[in-house]
Amino acid sequence: QVQLVESGGGLVQPGGSLRLSCAASGSIFRVHSILWYRQAPGKERELVAGITSGGTTNYADSVKGRFTISRDNAKNTAYLQMNSLKPEDTALYYCNADVSLRTGTTRNYWGQGTQVTVSS
C-alpha cells in the first residue's frame, strides 16, 4: 500500500556532493519520522540521520557538519544532502519511515536502497 523509493545515488569523487531523495507514495495519510540508514559491505546497518514530522533533525557523529536531512511534507519526500563525501561514506543508503495510512493503521516501511560510491 505504501512504497518508499530512494534515488540520487551514484559515483562521486572524494570531496564531492550528492543529494539523495526518498519519496513515499500510496495510500498515505501522514508520514511521521523519516530515517536514513546506510550499510557498507561487511558492516552492520548504521543510522545516518533522522527527521521528525515537525522538522527536528539528528545525525550520526560521523556525518555531522557534512550531511543535511530535510523534508517536503507536501510531496511526502525526504532528502539527504551529502557534502564533503569521503570514501568511508560508500554504502547502500536506505530510507525508513513510519507512515499512517488512510485506513488508520500506522506501519513502518523500508525503501530498496540507493548505492553511493565515493572513489577517485
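Remember, it's a predicted structure, so these values are computed and weren't measured experimentally.

A.B. asks: Teacher, can you tell me more about the overall build of the protein chain here?
C.D. replies: Within the protein chain, the secondary structure is distributed over zero helices and 11 strands. The N-to-C order of helical and strand elements in the protein chain reads β-β-β-β-β-β-β-β-β-β-β. At 14 Å, the protein chain has a C-alpha radius of gyration in line with the 14 Å of a compact globule built from 120 residues. In terms of overall dimensions, the protein chain has a C-alpha envelope of 50 × 25 × 25 Å along the principal axes. Counting over 120 residues, the protein chain shows a buried share of 40%. Of all intrachain contacts in the protein chain linking residues separated by at least 6 positions in sequence, the fraction that spans at least 24 positions is 55%. Distance between charge centres in the protein chain, computed from 12 positive and 8 negative side chains, equals 7 Å.

A.B. asks: Is there a simple way to explain the pattern of salt bridges in this structure?
C.D. replies: Note on pairing: side chains with opposite charge can pair once their charged atoms come close. What the rule picks out here adds up to four salt bridges. The residue R38 makes a salt bridge to D89 at a minimum N-O spacing of 2.9 Å. Separated by 51 residues along the polypeptide, R38 in strand β4 (residues 28–39) and D89 in the loop between β8 (77–82) and β9 (91–101) bring together distant segments of the chain. The exposure class of D89 is buried, given its relative accessible area of 1%. Its salt-bridge partner being D89, residue R66 comes within 2.7 Å of it at the nearest N-O pair. Here R66, found in the loop between β6 (57–59) and β7 (67–72), pairs with D89, found in the loop between β8 and β9; they are 23 residues apart in sequence, far enough to count as distant. Here the two residues R66 and D89 agree in accessibility, since each one is buried. Put simply, R38, E46, R66 and D89 are held in one network by salt bridges that share partners.

A.B. asks: Quick question: what am I supposed to make of the state of the cysteines here?
C.D. replies: Cysteine pairs can be covalently joined through their sulfur atoms, and such a bond is termed a disulfide. All chains considered together, the criterion is met by one disulfide. A sulfur-sulfur separation of 2.1 Å characterises the disulfide bridge that pairs C22 with C95. Residues C22 and C95 share a disulfide whose torsion about the S-S bond is about 65°; that sign makes it right-handed. On the criterion of sequence distance, the pair formed by C22 in strand β3 (residues 18–26) and C95 in strand β9 is long-range, its members being 73 residues apart. C95 sits in the buried class, given a relative accessible area of 0%.

A.B. asks: Sorry, what's going on with the sheet that holds strand β1 (residues 2–7) here?
C.D. replies: One key point about sheets: their strands pair by backbone hydrogen bonds, in either a parallel or an antiparallel sense. Read from one edge of the open sheet, four strands run β1-β3-β8-β7, paired in antiparallel fashion. Since the sheet does not close on itself, it has two edges, and those belong to β1 and β7, each with one partner. Between one strand axis and the next, the sheet turns by 15° as a mean value, whatever way the strands run.

A.B. asks: Looking at this model, I keep getting lost on the pairing of strand β5 (residues 46–51). Mind explaining?
C.D. replies: Within a regular strand, side chains alternate between the sheet's two faces. Direction of pairing for β4 relative to β5: antiparallel, over a ladder of five bridges. Bridging from a neighbouring strand, I34 pairs with I51 of β5. Strand direction decides the pairing type here: β5 and β6, joined by three bridges, are antiparallel. Paired with G50 across the strands is N58, a residue of β6.

Quick notes on the rules
Residues numbered from 1 in each chain as written. Predicted model: local features only at pLDDT ≥ 70, side-chain atom pairs only at ≥ 80, totals over all residues. Heavy atoms only, no water. Helix = DSSP H or I, 4+ residues; strand = E, 2+ residues; numbered from the N terminus. Rg over C-alpha atoms; globule rule 2.2 N^0.38 Å. Buried < 20%, exposed > 50% of the residue type's maximum accessible area, 1.4 Å probe, protein only. Contact = heavy atoms within 4.5 Å. Lys, Arg positive; Asp, Glu negative; His and termini not counted. Charge placed at Lys NZ, Arg CZ, Asp CG, Glu CD. Salt bridge = Lys/Arg side-chain N within 4 Å of Asp/Glu carboxyl O. Disulfide = S-S within 2.5 Å. Pairing = 2+ DSSP bridges. Axes fitted to C-alpha atoms, helices over the stretch in contact; angles between N-to-C directions.

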